[in-house]
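Architecture and fold: a report
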Amino acid sequence: MNDKFVITIGREYGSGGGEIGRQLSKYFDIPCYDKELLTIVAKESGYCKEYFEKFDEKPLKVLSYFGYDANTSTLPINHQLFLKQFNLIQKLASEKSCIFVGRAADYALRDYDNVVNIFIHADFEFRRKRAIEEHGILSQKSASIVKKIDKERSSYYKYYTDSSWGEAKNYHICLDTGFMGIDEAVRIIIDFIERKYK
């Protein structure tokens, strides 16, 4: 394919969005940015990645970032991280075909024409089991952790975009991996991208 394209993947915790991003990255031979964004932003800003990880995809519920100067240290760290990732997503999307997992990338690229926004979801039990098997979450804590991370992602998205996380109208494709499986979801996305950008 000669056309440049960008895929954004929003995902419920445990639904396989990260794995789907990695499989698509391998198939199309293009980079996938998930926590890699944190590494780049940390390197550019002088913070350690581990410090940023505490604030990744978590909203600050007190002050809005609007009206602040993003180049000063007066911004709360959550806002600094959001804005740095927001700008980096736009920069990378302008340069090459790539994939972004989470971080409200669909919002950051809302004015771009060559973007396909995808949301991955699944039933709760499917996601709880994957949290145990794929993420090493203790069984007795799995249900509460899945709920907690989903709530954080939803709040983060709502806070920074003023829109609803997971709402179908915000995405071009919504796929239920609990119903179809991760491999079939990947196949559907590949087929769509190849038809659209052949």
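The rules behind the values
- Residues numbered from 1 in each chain as written.
- Predicted model: local features only at pLDDT ≥ 70, side-chain atom pairs only at ≥ 80, totals over all residues.
- Heavy atoms only, no water.
- Salt bridge = Lys/Arg side-chain N within 4 Å of Asp/Glu carboxyl O.
- Helix = DSSP H or I, 4+ residues; strand = E, 2+ residues; numbered from the N terminus.
- Buried < 20%, exposed > 50% of the residue type's maximum accessible area, 1.4 Å probe, protein only.
- Phe/Tyr/Trp six-rings, centres within 6.5 Å; stacked < 30°, edge-to-face > 60°.
- Axes fitted to C-alpha atoms, helices over the stretch in contact; angles between N-to-C directions.
- Parallel < 35°, antiparallel > 145°, perpendicular 65-115°, else oblique.
- Contact = heavy atoms within 4.5 Å.
- Nonpolar A, V, L, I, M, F, W, Y, C, P; charged D, E, K, R; others polar.
- Left-handed = near helix turned anticlockwise from the far one by under 90°.
- Pairing = 2+ DSSP bridges.

Another point: the pattern of salt bridges. Counted according to the given criterion, the structure contains 11 salt bridges. Between R187 and E184 there is a salt bridge, with the nearest N and O atoms lying 2.8 Å from each other. With R187 and E184 both in helix α9 (residues 182-196) and three residues apart, this pair spans about one turn of that helix. Among the residues examined, R187 registers a relative accessible area of 45% and is labelled partly exposed.

Okay, the packing of aromatic side chains next. Enumeration over the complete set of coordinates arrives at 12 aromatic pairs. Look at F5 and Y197: their rings are 5.4 Å apart centre to centre, the planes differ by 25 degrees, and that puts the pair in the stacked class. With F5 in the segment before β1 (6-11) and Y197 in the segment after α9, this pair connects stretches of sequence that are 192 residues apart. Neither residue differs from the other here; F5 and Y197 are each classed as buried. Seen in terms of ring centroids, F82 and F86 are 5.7 Å apart; in terms of plane orientation they differ by 40 degrees. Their pairing is tilted. Linking F82 with F86, this pair stays in helix α4 (residues 77-95), spanning four residues, or about one helical turn. The class for F82 is buried, based on a relative accessible area of 2%. By relative accessible area, F86 is classed as buried at 15%. Put simply, the rings of F82, F86, Y107, Y156, Y159 and Y160 pair up and form one aromatic cluster.

Turning our attention to the packing of α4 against helix α7 (residues 139-161). Taken N-terminus to C-terminus, the directions of α4 and α7 make an angle of 75 degrees; their axes are 13 Å apart at the nearest point. One element, α4, and the other, α7, form an angle in the roughly perpendicular class. Residues N78, H79, F82 and Q85 of α4 form the contact with α7, whose own contacting residues are Y156, Y159 and Y160. The residue makeup of the contact of α4 with α7, split by class, is four nonpolar, three polar and no charged.

A few words now on unusual backbone geometry. With a phi close to 55 degrees, R103 is a non-glycine residue in the positive phi region. In this structure R103 comes out as buried when scored by relative accessible area, which is 2%.

At a minimum axis separation of 9 Å, helix α6 (residues 124-135) and α7 run at an interaxial angle of 115 degrees. In terms of axis orientation, α6 runs roughly perpendicular to α7. α7 is crossed by α6, and the crossing has right-handed handedness. Contacts from F124, R127, R128, A131 and I132 in α6 reach S139, S142, A143, V146, K147 and D150 in α7.

This part takes up the pairing of strand β3 (residues 98-101). Burial along β3 is two-sided: the residues C98 and F100 and I99 and V101 are all buried. In this structure, β1 lies alongside β3, joined through four bridges in parallel fashion. Opposite T8, over in β3, you have F100 as the bridge partner. Inspection of the sheet shows strand β2 (residues 32-33) paired to β3 by two bridges, in the parallel sense. The residue bridging C32 from the neighbouring strand is I99, located in β3.

No statement about biological role is implied by the geometric values presented.
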